[in-house]
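Listed below are the residues making up each chain.
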Amino acid sequence: MKKAIAILALFLLLFSLIGMIPVFAKEEGEEMENLAVELDFSYGRCRCEWEEPAGMEGQFTYNVTLQAVSESGEAGSLISETTYYPSFQADDYIAYACQENGFPYRMRILVEGSADGEKTAEGVSEAFDPRDVFPEKKELVFGTDIPLERICGITWDSFSDEAEGNWSRSVRKFEDEVTFYSSGVGKKDIERKLKDSDWDQLLSILSKGYMERSYVMDPTIQVLDGSGSGIKVDWEDEKENVPSYYSFVEDEKVRGELQDWLLKKEKGSFSWILPAAIVILCCLVLAVILLLKRK
């Protein structure tokens, strides 16, 4: 009888504890603040924002994790970053993750907030297609992938630790107007109108190359300023941020042809004045000599 009573008491205690588990879980869930994570895809970019828990503004450290989501809904972490603000610019993280791991079916962003070293808030965004932010195609061909009539500008610039290594030359087309711009350290800025035929010449040179998707650096690593140069081509695209992920690729011949064309436009149509002035001056001197001999 004593053993039966002891066993019965043990079972009652176990059932009581099991019945209290949902209560504990509920209390723990109530302590975890929910973060409403919102995504903004304006201009082809991805900005993540959320509101901090009331009364705890400025006291949180947030761990933001980009997750890959399969068609079945399973999620796996790709890359994480820490921020102290209730917002996060996710473009480069999405691009780098796709570049290194391939394009998943969907992505989402998990935000976890910690105060005093303890996680007390979390939230997850809606799932989205990463192709809406980072282009999947590695190469684009002019005339097919990029219609020539959609091209609106080209920029060739250089940056360097040395002053003379910082310069920029660009051509922009807005509606029916084509304009050339040039700037550099120690040089006077130039702005000059060009003809439609000049724009056609430029497109003809560009068509000899193609656009290649640029390598995206790991956004979690801080890179110091260095030096380099490159050619960027802008065109009208449904996703405004797409052209920024590509660079113009050309061989040495095309590069020389493009550079000569830009330098020629930098000098302008008045570059003939000095040679013409020299010829005229020589003719005047010759005329004076002949006149003196005749006298």
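For clarity, every value in this text was computed on a predicted model and none was experimentally measured.

## Describing the packing of aromatic side chains
- Within the structure shown, the criterion is met by 9 aromatic pairs.
- On the basis of an interplanar angle of 85° and a centroid distance of 5.1 Å, the ring pair of Phe 134 and Tyr 245 is categorised as edge-to-face. With Phe 134 in the loop between strand E8 (118-124) and strand E9 (139-140) and Tyr 245 in the loop between strand E15 (228-235) and strand E16 (246-249), this pair connects stretches of sequence that are 111 residues apart. Of the two residues, Phe 134 and Tyr 245, both sit in the buried class.

## Section: the sheet that holds strand E11 (residues 167-174)
- If you trace the 5 strands from one edge of the open sheet to the other, you get E13-E12-E11-E10-E15, paired in antiparallel fashion. Here the strands that pair on one side only, and so sit at the sheet edges, are strand E13 (190-194) and E15. With strand direction ignored, the average angle separating the axes of adjacent strands in the sheet is 15°.
- Here E11 runs beside strand E12 (residues 177-184); their pairing, made up of 8 bridges, is antiparallel. The residue bridging Ser 168 from the neighbouring strand is Ser 183, located in E12.

## A few points about the pattern of salt bridges
- A full pass over the atoms with the stated rule returns 16 salt bridges.
- With a shortest N-O distance of 3.1 Å, Arg 131 and Glu 136 are connected by a salt bridge.
- Arg 131 sits in the partly exposed class, given a relative accessible area of 25%.
- Since its relative accessible area comes to 44%, Glu 136 is described here as partly exposed.
- Salt-bridge contacts for Asp 198 lead to Lys 265; the nearest nitrogen and oxygen are separated by 2.9 Å. Residue Asp 198 is located in helix H3 (residues 196-206), and its partner Lys 265 is located in helix H4 (residues 252-267); the two are separated by 67 residues in the primary sequence. Each of the two residues, Asp 198 as well as Lys 265, counts as buried.
- Linked through salt bridges whose partners overlap, the residues forming this network are Arg 106, Asp 129, Arg 131 and Glu 136.

About the cut-offs
Residues numbered from 1 in each chain as written. Predicted model: local features only at pLDDT ≥ 70, side-chain atom pairs only at ≥ 80, totals over all residues. Heavy atoms only, no water. Phe/Tyr/Trp six-rings, centres within 6.5 Å; stacked < 30°, edge-to-face > 60°. Helix = DSSP H or I, 4+ residues; strand = E, 2+ residues; numbered from the N terminus. Buried < 20%, exposed > 50% of the residue type's maximum accessible area, 1.4 Å probe, protein only. Pairing = 2+ DSSP bridges. Axes fitted to C-alpha atoms, helices over the stretch in contact; angles between N-to-C directions. Salt bridge = Lys/Arg side-chain N within 4 Å of Asp/Glu carboxyl O.

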